[in-house]
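Listed below, chain by chain, are the residues.
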Amino acid sequence: MFVPRHGGIISAMSFKVLMAAAITALAGMVFVVSAGAGPLPDRLSDTGLFVEGSTSEVRAGVLSFTPQYPLWSDGAIKRRWIYLPPGTFIDASRPSAWEFPRGTRLWKEFRLERRVETRFIERLADGSWRYATYIWSEDGQDAVLASGEGIASLTLNGTEPRQYSIPSELDCRACHEGPAVPVLGFSALQLSSDRDPLAVHAESLRADDVDLRKLIERGLVRNLPTSLIKTPPRISAASPTERAALGYLHGNCGQCHTNSSDASVPVDLQLAQDVTDPASTEKVLQSLRSSSSQFRLPGTTAAVPLVSPGASHNSALLIRMRSRDASVQMPPLGTAIPDSEGLALIARWIDQDKNPSTSRE
Amino acid sequence: MKSVAASFLMIVPAYVLMLGVATADDQVSRGKYLVTIAACNDCHTPLKLGPKGPEPDMSLMLSGHPESLQMPTAPSLPPGPWTSSFAATNTAWAGPWGVSFTANLTPDPETGLGRWTLRNFKDTIRSGRHLGRGRPILPPMPIPMYKQMTDADLEAVFAYLQTIPAISNRVPQPLPPPATGTAAATEH
């Protein structure tokens, strides 16, 4: 992201620009803690993830899980855990918007050459959610609570030094507060035991991972419609490539592109799957056909269609996934490196697979 | 000039933060006051040449960069501390971030903030992202300062902006910095 630097042509009539740039340095350090909750622990080791005195051994009762369609995070290796207070369970009566008990905690660890960051979400007693992230020390001893302002560019040393961005609290909310429930990777579709073998960056289940079946068996997920228990959720698609492509779009884009009435996402695009709706795939394909794209290449006035069947190079979906120009890129945050495998899958789907704009007319 | 800027720097946030909560009745007039002293017009109302030099064209109040004003390619500047250029209207800005065009803040539903909710407006200013979730808002929009406004102040500013005359003006999308060469896009 750009920091304004105005050593530029500043005239008397615009000195406030200079002022604005100067004030960048004074940008607020406001980190709102929800009313009624104690402050966030300063150290990850005090959030209840690990057994006392350890920063690697996960506490009993903290469950590990692996969604089938992971979000692209610039190649970071991720691990995820959930904790539900004793005696509580997730109410899945709304299968696409699970109700998590108060006191639910989730962690997501990001590892490059070493552990870099562990993000933390917690549901408080008043029903609200809070978001934080902990940055690991270089020696891996512990991770320390990051400022709610985030860090635009953290330098990571190692054999391949790189810049890494720590999200601000508002960045957390930008992605997590789009859907009805802010927990994104822990859902009926993501934890389904009918896992997609072609999912991009698929991680195999770990021995101690919980999936939908285990959660139901242990009574930790209740009230899921029996049809979804009998037949684990799966994206309906005309081909295996399409299934993986729609899964990728669900996992990476569906948190914002829900085609809700939400004015904060100006394109009427639905990329999220709804496990209760048999027409879910059709709705996604339909919205890719009919949503109006505002996207224009520089110097041109005609909008590039979202998907041009057979022509991924002329599809805003792919152009914006590939771009890392801040004004163009999708997703707009959380990534600085395009996902070559994801791009290849979506390009194959648009170019070769069943023509997405006519296959279901 | 530095000292002018410095004193402004201290006075504006003080005023904005300390004037307290307006009653519902004068929320709009307080919003008008805040928009005035926070200088939104400086960038969002195009300048025209008047008898005494450049002055804001209030017939186009807060409607952003005029769509009819097609800008030629921004001048390339020699290496050194001069980094940015701006249009005579004060509505188009070229710098290391590419070219940005000031937004239409009038309540026109198609091209301005007519469809925005208060939440969209607050999220945009607080996060520095289009609608709180999209692309980063580019310089020189003074997000780092405005995001420190109180809720009441942001509410007043938005309430006022929704009362001003709607002007249909589709502001161009920002252009990327020359090096990246990719497209730019926004959706209003």
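Residues numbered from 1 in each chain as written. Chains lettered and ligands numbered in written order. Predicted model: local features only at pLDDT ≥ 70, side-chain atom pairs only at ≥ 80, totals over all residues. Heavy atoms only, no water.

## Observations regarding the confidence of the model for chain B
Residue and element names in this part refer to chain B.
Consideration 1: Averaged over chain B, the pLDDT score is 86; the fraction of residues at 70 or greater is 81%.
Consideration 2: Every residue in residues 12-22 scores below 50 in pLDDT, and together they form 21 contacts with partners more than four places removed in sequence or on other chains.
Consideration 3: Across residues 180-188, where pLDDT falls below 50, the model places 38 contacts with residues more than four positions away in sequence or in other chains.
Consideration 4: Per the prediction output, this complex has pTM 0.84; the corresponding ipTM is 0.74. (pLDDT = per-residue confidence, 0-100. Contact = heavy atoms within 4.5 Å.)

## Side note on the pairing of strand 2 (residues 77-83) of chain A
All names here are of chain A.
Consideration 1: In terms of strand pairing, strand 1 (residues 62-65) meets strand 2 through 4 bridges, oriented antiparallel. Across the sheet, the residue bridging to Phe65 is Arg80, located in strand 2.
Consideration 2: Strand direction decides the pairing type here: strand 2 and strand 4 (residues 105-111), joined by 7 bridges, are antiparallel. Looking at the pairing, Arg80 lines up with Lys108 of strand 4. (Pairing = 2+ DSSP bridges. Helix = DSSP H or I, 4+ residues; strand = E, 2+ residues; numbered from the N terminus.)

## Side note on the packing of aromatic side chains
All names here are of chain A.
Consideration 1: Tallied over the entire structure, the rule returns 10 aromatic pairs over all chains.
Consideration 2: Their ring planes at 80° and their centres at 6.1 Å tell us that Phe100 and Trp129 sit as a pair that is edge-to-face. Of this pair, Phe100 sits in the loop between strand 3 (90-91) and strand 4 while Trp129 sits in strand 6 (residues 129-136); the two residues are 29 residues apart in sequence, bridging distant segments of the chain. Take Phe100 and Trp129: they sit in the same class, and that class is buried.
Consideration 3: Ring centres of Phe100 and Phe186 lie 6.1 Å apart, and the angle between their planes is 55°; this geometry places the pair in the tilted category. Note that Phe100 is positioned in the loop between strand 3 and strand 4 and Phe186 in the loop between helix 2 (169-176) and helix 3 (212-217), a separation of 86 residues in sequence. The pair formed by Phe100 and Phe186 is uniform in burial state, with each residue classed as buried. (Phe/Tyr/Trp six-rings, centres within 6.5 Å; stacked < 30°, edge-to-face > 60°. Buried < 20%, exposed > 50% of the residue type's maximum accessible area, 1.4 Å probe, protein only.)

## Describing empty space enclosed by the protein
All names here are of chain A.
Consideration 1: On inspection of all chains with the given rule, the structure shows 6 cavities of 30 Å³ or more.
Consideration 2: There is about 90 Å³ of room inside the second largest cavity.
Consideration 3: As for the second largest cavity, its lining consists of Trp72, Tyr248, Asn252, Cys253, Met321, Arg324, Met330, Pro331, Thr335, Asp339 and Leu343.
Consideration 4: Counting residues per element, the lining of the second largest cavity draws most heavily on helix 5 (residues 240-253), which supplies 3 residues.
Consideration 5: Taken together, the residues that form the lining of the second largest cavity break down as 7 nonpolar, 2 polar and 2 charged. (1 Å grid on protein atoms, 1.4 Å probe; cavity = no way out; pocket = protein on both sides within 12 Å on 5 of 7 lines; lining within 4 Å. Points joined across faces, edges and corners; volume = space filled by probe spheres on them. Nonpolar A, V, L, I, M, F, W, Y, C, P; charged D, E, K, R; others polar.)

## Notes on the sheet that holds strand 4 of chain A
Residues and elements named next belong to chain A.
Consideration 1: In space, the 6 strands of this open sheet follow the order 1-2-4-5-6-7, with antiparallel pairing throughout. The open sheet terminates on both sides in strands that have one partner only, identified here as strand 1 and strand 7 (143-145). Between one strand axis and the next, the sheet turns by 25° as a mean value, whatever way the strands run.
Consideration 2: Bridge analysis of strand 6 against strand 7 gives 3 bridges, and the strand direction is antiparallel. Opposite Trp136, over in strand 7, you have Ala143 as the bridge partner.
Consideration 3: Sheet strands in contact with helix 2 are strand 5 (115-123) and strand 6, and its direction is about 125° off that of strand 6. (Axes fitted to C-alpha atoms, helices over the stretch in contact; angles between N-to-C directions.)

## A closer look at the pattern of salt bridges
Consideration 1: Enumeration over the complete set of coordinates arrives at 25 salt bridges over all chains.
Consideration 2: Here Arg243 of chain A and Asp194 of chain A are joined by a salt bridge, their closest N and O atoms 3.6 Å apart. Residue Arg243 of chain A is located in helix 5, and its partner Asp194 of chain A is located in the loop between helix 2 and helix 3; the two are separated by 49 residues in the primary sequence.
Consideration 3: Classification of Arg243 of chain A as buried rests on a relative accessible area of 7%.
Consideration 4: Among the salt bridges present, the one from Glu110 of chain B reaches Arg115 of chain B, with a minimum N-O distance of 2.8 Å. (Salt bridge = Lys/Arg side-chain N within 4 Å of Asp/Glu carboxyl O.)

## So, the domain arrangement of chain A
All names here are of chain A.
Consideration 1: Looking at the assigned domains, one finds that chain A contains domain 1 (44-230) and domain 2 (240-353).
Consideration 2: Centre-to-centre, using C-alpha coordinates, domain 1 lies 24 Å away from domain 2.
Consideration 3: Opposite the 26 residues of domain 1 that make contact, domain 2 presents 26 residues.
Consideration 4: Counting the surface domain 1 buries against domain 2, the share from its top three residues, Tyr69, Trp72 and Val200, is 26%.
Consideration 5: Between the two partners, domain 1 and domain 2, sit 11 residue pairs in polar contact (both at pLDDT 80 or more).
Consideration 6: No other element matches helix 2, which puts 3 residues into the side of domain 1 that touches domain 2.
Consideration 7: Grouping the constituent residues of the side of domain 1 that touches domain 2 by class yields 16 nonpolar, 4 polar and 6 charged. (Domains from an automatic or database assignment. Buried area = accessible area lost by both parts, 1.4 Å probe. Polar contact = N/O pair within 3.5 Å; in protein donor to acceptor, adjacent residues only side chain to side chain.)

## What to know about the nonpolar core
Residue and element names in this part refer to chain A.
Consideration 1: If you look at the biggest cluster of nonpolar residues, it comprises 29 residues, and the most contacted ones within it are Tyr248, Leu249, Leu271, Leu288, Leu317, Ile346 and Trp349.
Consideration 2: A domain-level breakdown of this core finds at least three residues from each of domain 1 (44-230) and domain 2 (240-353).
Consideration 3: Not counting chain neighbours up to four residues away, the residues in contact with Ile346 comprise Ala245, Tyr248, Leu249, Leu317, Leu318 and Met321.
Consideration 4: Counting 26 residues, the second-largest nonpolar core is a separate cluster that includes Ile82, Ile90, Tyr131 and Val221. (Core = buried A, V, L, I, M, F, W, Y, C linked by side-chain atoms within 4.5 Å.)

## Digging into the layout of surface pockets
Residue and element names in this part refer to chain B.
Consideration 1: By volume, the second largest pocket is sized at about 1,300 Å³.
Consideration 2: As for the second largest pocket, its lining consists of 48 residues, and the residues nearest its centre are Met71, Val99, Phe101, Gln173 and Leu175.
Consideration 3: In terms of residue count, strand 4 (residues 92-95) provides more of the lining of the second largest pocket than any other element does, 4 residues in total.
Consideration 4: Tallied by class, residues from the lining of the second largest pocket come to 27 nonpolar, 17 polar and 4 charged.

## Describing the sheet that holds strand 4 of chain B
In a beta sheet, neighbouring strands pair by backbone hydrogen bonds and run either parallel or antiparallel.
Residues and elements named next belong to chain B.
Consideration 1: Ordered by their spatial adjacency, 3 strands build an open sheet running 3-4-5, and the pairing between neighbours is antiparallel. Strands with a single pairing partner mark the edges of an open sheet, and in this sheet they are strand 3 (85-86) and strand 5 (98-101).
Consideration 2: For strand 4 and strand 5, the ladder comprises 4 bridges, and the chain directions are antiparallel. Along strand 5, the bridge assignment pairs Gly95 with Gly98.

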